[in-house]
Amino acid sequence: MRFALIVMLAACSKSPAAPAVDGNPGAGDARADAPVDEAGPGPTQACPFTADADGFFTRTTAASDYVIRLPVGYDVAAPRPTALLVAIHGCGDSAMNFATWGAVPYALRATQDYLAISIGGRDGMCWDLGTDVPTVQAAIADVRSCFYVHQKRIVVAGYSSGGMMAYKMGMTDAAHFAGILIENSGLYAAGLGNEDTALDAVAWKLNVAHTAHLDDQSFLIDQVRGDKTKMLAHGIPLVYREQPGTHDGTSDDWAQYLIPAMATWHAP
């Protein structure tokens, strides 16, 4: 399943034809053997829910609604700390739709081992980098009050406009995240000002996995490659892949490359 988005950031010539791959999913500052007591506090309230036939359900904060899918075998009565994927959709998409093709694509549902949320509040629209960070933060706080999120294994993820939000939140508040997952977006477009200054200021060298499409006319490959060069130069443990394709998002990018990359990510 895919969802197309055109973010009018630039219009230039077509990208080079040959894909390139740098790094491996799961590389970086992984700490799979970290002590369990680093998981942090468990849920503070009981949150009844009724999931749909595909396992998704919705909660609402003062800022927005958001969509949740629990890991396979999650025990509400005796929960164990689990990784959290915070997914942010692109322009024109919705929280529920992105949940089904990006945050928990069909191929991963039978073995899903992370808690996933997909942020609402901007369904059918783009995100506002200046005002929407609290919307995402409210959903994270709410889901942590209901379910056992491992505080050192929170990953922020986004497609296109949502990827801009993910980069902004991850880089400016790195202490609260284990990493960032990106499909078809750009660090250069995340409202960080001077990228080198922003990368110098990150609280720690958090993990990043980025997949780009060579003929994406919204986030041009040469600009994305510039981001890659800067992140690597600043010691960010980046895993990066280029694939043929346009700006259309694909479940395969998430199921086969991005989500597997976060399996061992752990914040310090």
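What comes next is a walk through the structure. These figures come from a predicted structure and were not determined experimentally. (Residues numbered from 1 in each chain as written. Predicted model: local features only at pLDDT ≥ 70, side-chain atom pairs only at ≥ 80, totals over all residues. Heavy atoms only, no water.)

**Quick notes on the pattern of salt bridges**
Here is step 1 of the chain: The full count for this structure, using the stated rule, is seven salt bridges.
Here is step 2 of the chain: Note that Asp54 and Arg109 form a salt bridge whose closest N and O atoms lie 3.9 Å from each other. Remark: Arg109 occurs in the loop between helix H1 (95-103) and strand S6 (115-119) and Asp54 occurs in the loop between strand S2 (21-22) and strand S3 (57-60); sequence separation between them is 55 residues.
Here is step 3 of the chain: Residue Asp54 is classed as partly exposed on the basis of its relative accessible area, which comes to 40%.
Here is step 4 of the chain: Judged by relative accessible area, which is 14%, Arg109 ranks as buried.
Here is step 5 of the chain: Between Asp132 and Arg122 there is a salt bridge, with its nearest N and O atoms 2.8 Å apart. With Asp132 in the loop between S6 and helix H2 (133-146) and Arg122 in the loop between S6 and H2, the pair connects residues that are 10 residues apart, well separated along the chain.
Here is step 6 of the chain: For Asp132, a relative accessible area of 6% translates into the label buried.
Here is step 7 of the chain: Members of the salt-bridge network, linked through shared partners, are Asp222, Arg225 and Glu242. (Salt bridge = Lys/Arg side-chain N within 4 Å of Asp/Glu carboxyl O. Helix = DSSP H or I, 4+ residues; strand = E, 2+ residues; numbered from the N terminus. Buried < 20%, exposed > 50% of the residue type's maximum accessible area, 1.4 Å probe, protein only.)

**Regarding the state of the cysteines**
Chemically, a disulfide is nothing more than a covalent bond linking the sulfur atoms of two cysteines.
Here is step 1 of the chain: Under the defined criterion, the tally for this structure stands at two disulfides.
Here is step 2 of the chain: Here Cys91 is linked by a disulfide to Cys126, with a sulfur-sulfur distance of 1.8 Å. What sets the handedness of the Cys91 and Cys126 disulfide is the S-S torsion sign, and at about 120° it is right-handed. With Cys91 in the loop between strand S5 (82-88) and H1 and Cys126 in the loop between S6 and H2, this residue pair connects regions lying 35 residues apart in the sequence.
Here is step 3 of the chain: The exposure class assigned to Cys91 is buried, which follows from its relative accessible area of 8%. (Disulfide = S-S within 2.5 Å.)

**Describing the pairing of strand S8 (residues 179-183)**
Here is step 1 of the chain: Most of S8 sits out of view: five of its five residues are buried.
Here is step 2 of the chain: Of the two faces of S8, both are covered, the one formed by Gly179, Leu181 and Glu183 as well as the one formed by Ile180 and Ile182.
Here is step 3 of the chain: Crossover handedness for the path strand S7 (residues 149-159) to helix H3 (residues 161-172) to S8: right-handed.
Here is step 4 of the chain: Across five bridges, the pairing between S8 and strand S9 (residues 207-213) is parallel. Paired with Ile180 across the bridge in S9 is Val208.
Here is step 5 of the chain: Following the backbone out of S8, through helix H4 (residues 195-200) and into the adjacent parallel S9, one traces a crossover that is right-handed. (Right-handed = clockwise from strand over helix to strand, strands pointing away. Pairing = 2+ DSSP bridges.)

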